[in-house]
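Each chain, written out:
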Amino acid sequence: MNNLLKLLGLCALSLSAVAADMTEIRYLDQEPDQTAYTSRILVLGERLRMDYGHDEEDFILYDRRAHMVWLVAHGERRLTGIPARPMKTVAKTAAWPQGWRLSQERQASGANALIQARLNDQLCVEFKSAPILKPEARLLRDFRRALAGNQADSWNSTPEELRQPCTLVVDVRQAGLEYQQGLPLAIRYWDGRSRVYQSHTTRTAQAALFELPTAYQRFVLGAQAGP
């Protein structure tokens, strides 16, 4: 019994140590023909916060344990929730067109990996990953997967002649592909978007940054409206 209590105590100390710190990752993101901007990613346990580097601004919160993505808009005092769907369900929602071929090429670059994903020989995404911050990278991967169901709905509602095939690959069927091999150092997408790693650090946890405002109006996509 005493040994068990000691083990429980060690586990509690370990959990406290994890909760005492959070990871901050910064990327330089760029849209086609637009000025590059900084994206800040904060990770605390099972929760992921994304913003542009300021605590008081709007943000996105992914809670893996709750299977929810929240968009927090302070100006509108509004929370928009996107429930995560199982990837098997997402795959059935957005059918894979007959004859489409997806291929991946991997090249070693020292300790890192350079990967290219192509659809019918068109480059959809190219990324270079480092074997660091793997738990954080997996959380980013799961965040992308959490959005795949909503992206599948968007794909299905888009007229066929306006659909971009790589969207089905990167945002739906293979969502999170860029984060499966570790933390991306650089990502380049078919449409000209890019993401370049800037830095990461460990900071004292600020749990308040991962909390949803209680007084805001809540709206959950796909939820039944009340009476």
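Structure first, text after, so check above.
**Q** Run through the overall build of the protein chain, naming residues and quoting values.
**A** On a plain count of helices and strands, the protein chain comes out with five helices and twelve strands. Here the protein chain holds 227 residues, and 36% of them are scored as buried. In the protein chain, once contacts between residues fewer than 6 apart in sequence are set aside, the share between residues at least 24 apart is 57%. A total of about 12,900 Å² of accessible surface is found on the protein chain, and carbon and sulfur atoms cover 51% of it.

**Q** Just give me the short version of the state of the cysteines, but keep the residues and values in it.
**A** Should the sulfur atoms of two cysteines be covalently bonded, the bond is a disulfide. Within this structure, the stated rule accounts for one disulfide. A sulfur-sulfur distance of 2.0 Å marks the disulfide that ties Cys124 to Cys166. Classification of the bridge connecting Cys124 and Cys166 rests on its S-S torsion, roughly -75 degrees, and on that basis the disulfide is left-handed. Taken as a pair, Cys124 in strand β9 (residues 122-130) and Cys166 in helix α5 (residues 165-173) lie far apart in primary sequence, 42 residues in all. Residue classification places Cys166 among the buried positions, given a relative accessible area of 0%.

**Q** Residue-level account of unusual backbone geometry, with values.
**A** One non-glycine residue with positive phi stands out, namely Asn120, at about 50 degrees. Looking at the element boundaries, Asn120 is found in the loop between β8 (112-119) and β9. Asn120 gets classed as partly exposed once you look at its relative accessible area, which sits at 33%. Phi angles above zero are rare outside glycine, and Leu133 is one such case at about 45 degrees. With respect to the helices, strands and loops of the structure, Leu133 is situated in the loop between β9 and α3 (134-146).

**Q** Please give an account of the packing of helix α4 (residues 148-157) against α5 that cites residues and values.
**A** Where α4 meets α5, the axes come as close as 9 Å, and the angle between the chain directions of the two elements is 165 degrees. Taken together, α4 and α5 sit at an angle that is classed as roughly antiparallel. As for how α4 packs across α5, the hand of that crossing is left-handed. Residue-level contacts link Ala148, Gln151, Ala152 and Trp155 of α4 to Pro165, Thr167, Leu168, Asp171 and Val172 of α5. Grouping the amino acids of the contact of α4 with α5 by side-chain chemistry returns six nonpolar, two polar and one charged.

**Q** Could you give an account of the side chain of Ser129, naming the residues involved and the relevant values?
**A** Within the secondary structure, Ser129 sits in strand β9. Relative accessible area serves as the criterion here: at 2%, Ser129 is assigned to the buried category. Sequence-distant contacts of Ser129, defined by excluding residues within four places in its chain, comprise Asn112, Ala113, Glu178, Gln181, Gly182, Leu183, Pro184 and Leu185.

**Q** If you had to explain α4 to someone new, which residues and values would you point to?
**A** Residues Ala148, Gly149, Ala152 and Trp155 constitute the buried set of α4. Projected down its long axis, α4 carries its buried residues within an arc of 110 degrees, all on one side. Check the buried side of α4 and you find it contacts α2 (87-93), α3 and α5.

**Q** So what's going on with the environment of Ala73? Which residues, and what values?
**A** Mapped onto the elements of the fold, Ala73 is located in strand β5 (residues 68-73). Considered as a pair, Ala73 and Tyr216 are 143 residues apart in the sequence and their alpha carbons are 8.9 Å apart.

**Q** Lay out the pattern of salt bridges with the relevant residues and their values.
**A** Per the stated rule, a full pass over the model turns up 16 salt bridges. Among the salt bridges present, the one from Arg47 reaches Glu211, with a minimum N-O distance of 3.2 Å. Here Arg47, found in strand β3 (residues 47-51), pairs with Glu211, found in the loop between β11 (194-204) and β12 (217-220); they are 164 residues apart in sequence, far enough to count as distant. Residue classification places Glu211 among the partly exposed positions, given a relative accessible area of 44%. Glu178 is paired through a salt bridge with Arg144; the nearest N and O atoms lie 3.6 Å apart. In this pair, Glu178 sits in the loop between α5 and β10 (183-189) while Arg144 sits in helix α3, placing the two residues 34 residues apart along the sequence.

Rules behind the numbers
Residues numbered from 1 in each chain as written. Predicted model: local features only at pLDDT ≥ 70, side-chain atom pairs only at ≥ 80, totals over all residues. Heavy atoms only, no water. Helix = DSSP H or I, 4+ residues; strand = E, 2+ residues; numbered from the N terminus. Buried < 20%, exposed > 50% of the residue type's maximum accessible area, 1.4 Å probe, protein only. Contact = heavy atoms within 4.5 Å. Areas by Shrake-Rupley, 256 points an atom, 1.4 Å probe, with all protein chains shown as cover. Disulfide = S-S within 2.5 Å. Axes fitted to C-alpha atoms, helices over the stretch in contact; angles between N-to-C directions. Parallel < 35°, antiparallel > 145°, perpendicular 65-115°, else oblique. Left-handed = near helix turned anticlockwise from the far one by under 90°. Nonpolar A, V, L, I, M, F, W, Y, C, P; charged D, E, K, R; others polar. Arc of directions from axis to C-beta. Salt bridge = Lys/Arg side-chain N within 4 Å of Asp/Glu carboxyl O.

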